[in-house]
Structures are given as C-alpha cells and as structure tokens.
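Commentary on secondary and tertiary structure
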Amino acid sequence: MSKKVFKQSHLLGIEHLSVDEIELILETADSFVEVSTRDIKKVPALKGKTVVNLFFESSTRTRSSFEIAAKRLSADLINFNASVSSLKKGESLKDTVLTLEAMNPHIIVIRHSASGSPKYLTTFARSSIVNAGDGFHAHPTQALLDALTIKQHFNTLRGLKIAIVGDILHSRVARSNLVLHRKMENEIALIGPPSLVPREFEAMGAKVYHNLKKGVEGADIVMMLRVQQERGASNYFPSIREYRKLYEITPEVFSLAKPSAILMHPGPMNRDVEIDTTLADSDKSVILEQVTNGIAVRMAVLYLLLPKLRG
Ligand code: CP
C-alpha cells in the first residue's frame, strides 16, 4: 500500500508536483491500465461528478483521452465547443467559465493559447482546474503519460539520458518534460537550431546541442517535437528543406542512440519533416503507446483530485 499522498487541488504544471506525487500518479495510472484491458472498461469512482472539457485550441489526443478517461471513471462529461459558443458573441473567458461554473461542474479541463490561463481560472473558479496545455508554458499530462511510457520500457524513471529534439522554444511539452526529468535527475539534451533552442535553456539544467548527432549519441529516449508552424516556427530557420537536413531523425541518426533506445513524439507529427516516416512506424517507435497511456494517466489525475472536489 503506497504511503504517497496527492495534495493538489488542481493540476497546473509539473513544477507544483513533488516526486512522490509524480510517482503516485504513475502508480495509479498503472492500475487504470489494467481497467482498460477489461471487457467492461468502467469503474464508478467519479459517479455523480461532472467534468467539463474546455478546449480553445485544436486537439485530437488530449481532448479525446480526457473524454474517455472521464467516461471510464463514470463521470458526466460536457465537451464545450468554443467555435459554436457565446465566445463568438464576444463573451469573455471569465464570463464563459463563470457561466459553466454556475452549472456546478467539479473539474474543468482547459486548453488555451495563453500561458497561465489555467492558473487564472483558479483565482475565481470553485472547480478543480486541469491544464491540458497552455501556450508555451506547460502540458503536464503529456509529460506524465510520456513518463508512464518510459517507465514501462525501462522499468525506472532514473538514470536515463533523454534527447528532446526540435522546436523547444514554442513547446509546452518540452518544458513539462524538462521539469519532470530534472526532478528525476535524468540527463537532458535539448537539440535544435540556435533560434529554437537558445543556450538560456541550460539554466533549467539541460545541455543544449545544435548538432543532432552529438545530442542523440548514447540517448535512452529520443523525443521528437513538431515544428509548430501555427506558432510561426518556420520563420526561425531558412527553409523546411534545410531544417530537415539538419534535424530530422532518420534511422542512421537514431542508430547513434543506445541499442535499447525508444523513439517518442507527442503528436501530431510532421512526417518527413522532423521524423522519418519509416522510423515513425518502426518497432523503435512508441508513439501510439503514448496515446494509449494518455487515457490511464488522465484517469489517474481525475481520480486523485476526487478528495478535493467541491461538494
Ligand atoms: N500531444 C497533444 O497534445 O496532442 P493533441 O494536440 O492532439 O491533443
């Protein structure tokens, strides 16, 4: 029986979690992995509770897996659709959330382009707030599902070298993984062009490389990131052709990592830009395992918030 305690009322970022709390989320997720193998993939833990999925940015994986997670825990779920909401009539974020709050939900899962928006909601909302990605700041459940995937492959979350490659500047996934793996005292290599991976990241405890082969050498995990064209990332290097030549992970470059190394990508991928398509589909790739683990990790987060939920 684990003595670890989850003290949080919200999940805003990995920086707020202790190592014990991270481990507790992953242990709880392990038990929900088992639930997802049953014929009836449902437990009553959140029966009578309401979860609102409030997504202001596009999402395939995070939004669907929070929905499946809530339903597998027997919660009621509202999928808020920003594009057909009263936001279109000029209603503010605060009034939108206050309106939804008046319907007494218990958990609000929010994705928003503004860094800090989940924390802003905690200043006036009574629901527990879960960050599903805010601007460049954080994507805590992505880092947690990545950690679960890593633990399943290496049976540990310590003593690993993790190479994170690509558009680090715009990546909330990179930041959340960096914070999590510094807490686990892992070695982190951040790799990409100087414009997308400035040396300032070394202050966060990572080593910065502008040469892909040098950074990937000896890695246990190679985590590729998407070039975020919607955030203007392609203005930070001369051309996609040039970027691909220098920073695409190919079977040849991947072979410089350890023989046991795994290839990760949070998705969505730009195939044959940052990741060679045959490698993405190879047995080295755990990209779809990451997606599957997203359900168990999000079930664990929703479940662990239960004692702190409003009445
Ligand atoms: N990894 C991730 O956040 O994917 P989605 O944008 O599809 O949710």
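Cut-offs used in this document
- Residues numbered from 1 in each chain as written.
- Predicted model: local features only at pLDDT ≥ 70, side-chain atom pairs only at ≥ 80, totals over all residues.
- Heavy atoms only, no water.
- Helix = DSSP H or I, 4+ residues; strand = E, 2+ residues; numbered from the N terminus.
- Expected span 1.5 Å × (residues − 1).
- Bend = angle between axes of the 7 residues up to and from the residue.
- Buried < 20%, exposed > 50% of the residue type's maximum accessible area, 1.4 Å probe, protein only.
- Domains from an automatic or database assignment.
- Contact = heavy atoms within 4.5 Å.
- Buried area = accessible area lost by both parts, 1.4 Å probe.
- Salt bridge = Lys/Arg side-chain N within 4 Å of Asp/Glu carboxyl O.
- Polar contact = N/O pair within 3.5 Å; in protein donor to acceptor, adjacent residues only side chain to side chain.
- Nonpolar A, V, L, I, M, F, W, Y, C, P; charged D, E, K, R; others polar.
- Axes fitted to C-alpha atoms, helices over the stretch in contact; angles between N-to-C directions.
- Left-handed = near helix turned anticlockwise from the far one by under 90°.

A closer look at helix α11 (residues 287-305)
Counted at 1.5 Å a residue, the expected span for α11 with its 19 residues is 27 Å, and the 27 Å between its end C-alpha atoms agrees. By the largest-angle criterion, asparagine 293 marks the main kink of α11, which is about 30°. Where burial is concerned, most of α11 is hidden: 14 out of the 19 residues are buried.

A look at the domain arrangement of the protein chain
Interfaces are often sized by the accessible area lost when the parts come together. Partitioning the protein chain into structural domains gives domain 1 (14-139 + 292-308) and domain 2 (141-286). For domain 1 and domain 2, the distance between their C-alpha centres works out to 26 Å. Each side of the interface is counted separately: domain 1 has 29 residues, and domain 2 has 27 residues. Taking both partners together, domain 1 and domain 2 bury about 2,400 Å²; carbon and sulfur atoms supply 61% of that area. Linking domain 1 with domain 2 are two salt bridges. The tally of links from domain 1 across to domain 2 stands at 13 residue pairs in polar contact (both at pLDDT 80 or more). Ranked by residues supplied to the side of domain 1 that touches domain 2, first place goes to helix α1 (residues 19-35) with eight residues. Along the lines of polarity and charge, the residues of the side of domain 1 that touches domain 2 split into 13 nonpolar, eight polar and eight charged.

Details of the environment of lysine 161
Secondary-structure assignment places lysine 161 in strand β5 (residues 161-165). In the structure, lysine 161 is positioned 49 residues away from histidine 112 in sequence and 31 Å away in space, judged by C-alpha atoms. Contacts of lysine 161, omitting those with residues within four sequence positions, involve Glu187, Ala189, Lys214, Gly215, Val216, Glu217, Gly218, Ala219, Asp220 and Ile221.

Things to note about the packing of helix α5 (residues 140-154) against α11
The packing of two helices is summarised by the inter-axis angle and the distance between the axes. Between α5 and α11, whose axes approach to 8 Å, the crossing angle comes to 115°. Viewed along their axes, α5 and α11 form a crossing whose handedness is right-handed. Facing α5, whose interface residues are Thr141, Gln142, Leu144, Leu145, Asp146, Leu148, Thr149, Gln152 and His153, α11 presents Glu289, Gln290, Asn293, Gly294, Val297, Arg298 and Val301. Looking at the contact of α5 with α11 residue by residue, the classes come out as five nonpolar, eight polar and three charged.

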